[in-house]
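Structural description and commentary
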Amino acid sequence: MTPGAVRFLAAGCGAGYSPWAPGTAGTLAAVPLAWLWTHLPVAGHLALLLVAVPAAAWLCGVAARQSAQKDPGWIVLDEMVGFWVAVALVPPSLFAYGVAVVLFRVFDILKPPPAGWIDRRIGGGWGIVLDDVAAGLMARVVLELLL
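Residues numbered from 1 in each chain as written. Predicted model: local features only at pLDDT ≥ 70, side-chain atom pairs only at ≥ 80, totals over all residues. Heavy atoms only, no water.

Further remarks concern the packing of aromatic side chains. Using the criterion set out here, one finds 4 aromatic pairs in the structure. Relative to Trp84, the ring of Trp37 has its centre 4.7 Å away and its plane inclined at 45 degrees; by these criteria the two rings are tilted. Here Trp37, found in helix H2 (residues 22-37), pairs with Trp84, found in helix H4 (residues 77-86); they are 47 residues apart in sequence, far enough to count as distant. Neither residue differs from the other here; Trp37 and Trp84 are each classed as buried. Three or more aromatic residues joined by ring pairs form one cluster here, namely Trp35, Phe83 and Tyr97. (Phe/Tyr/Trp six-rings, centres within 6.5 Å; stacked < 30°, edge-to-face > 60°. Helix = DSSP H or I, 4+ residues; strand = E, 2+ residues; numbered from the N terminus. Buried < 20%, exposed > 50% of the residue type's maximum accessible area, 1.4 Å probe, protein only.)

Right, here's the structure in full:
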């Protein structure tokens, strides 16, 4: 894969280049795909997540190495994957997805345990992605309680 393609995908197909809140832009860019995934059978939805996490870890790791930064702000594929985790198998509605965006962003920014521990201790692409997966799981738990 070319360096440009890696950057494009890691940047959430360009969302990460937003001049304002690129992480939020990346999260919002994940919403349409999450909505589309709801039309898949449960096994297909879960299979996509199981492929998306390691693929994102690889892409984010390569992109970070190319930029010579630990976790550049323009890399937002991790936010996309974290949001997909937060809404996995949630019946789609504007309310559920709106609440999920807010919850995910709060957990991603504040990084309560275990997200903060992962962010500090795990390097490379896996570290970039897994703290967002943890934030997504926390958002999912709260979302489930609210729904």
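Moving on, we come to unusual backbone geometry. Trans peptide bonds make up most of the peptide bonds, and negative phi angles are found at most residues other than glycine. Cis rather than trans, the peptide bond between Pro113 and Pro114 has omega equal to 5 degrees. Examined against the element boundaries, Pro114 turns out to sit in the loop between helix H5 (94-110) and helix H6 (115-121). Even without being a glycine, Cys13 presents a positive backbone phi close to 60 degrees. Along the chain, Cys13 turns up in the loop between helix H1 (3-10) and H2. A positive phi angle, close to 40 degrees, is found at Ala21, a residue other than glycine.

What follows is about H5. Between the first and last C-alpha of H5 there are 24 Å, a value that for 17 residues agrees with the 24 Å anticipated at 1.5 Å per step. All of the buried residues in H5 are Ala96, Tyr97, Val99, Ala100, Val101, Leu103, Phe104, Arg105, Phe107 and Asp108. The secondary structure elements touched by the buried residues of H5 are H2, H4 and helix H7 (124-146). Lys111 sits one or two positions beyond H5 and adopts a positive phi of about 50 degrees. (Expected span 1.5 Å × (residues − 1). Contact = heavy atoms within 4.5 Å.)

By themselves, these are just geometric observations and shouldn't be taken as functional.
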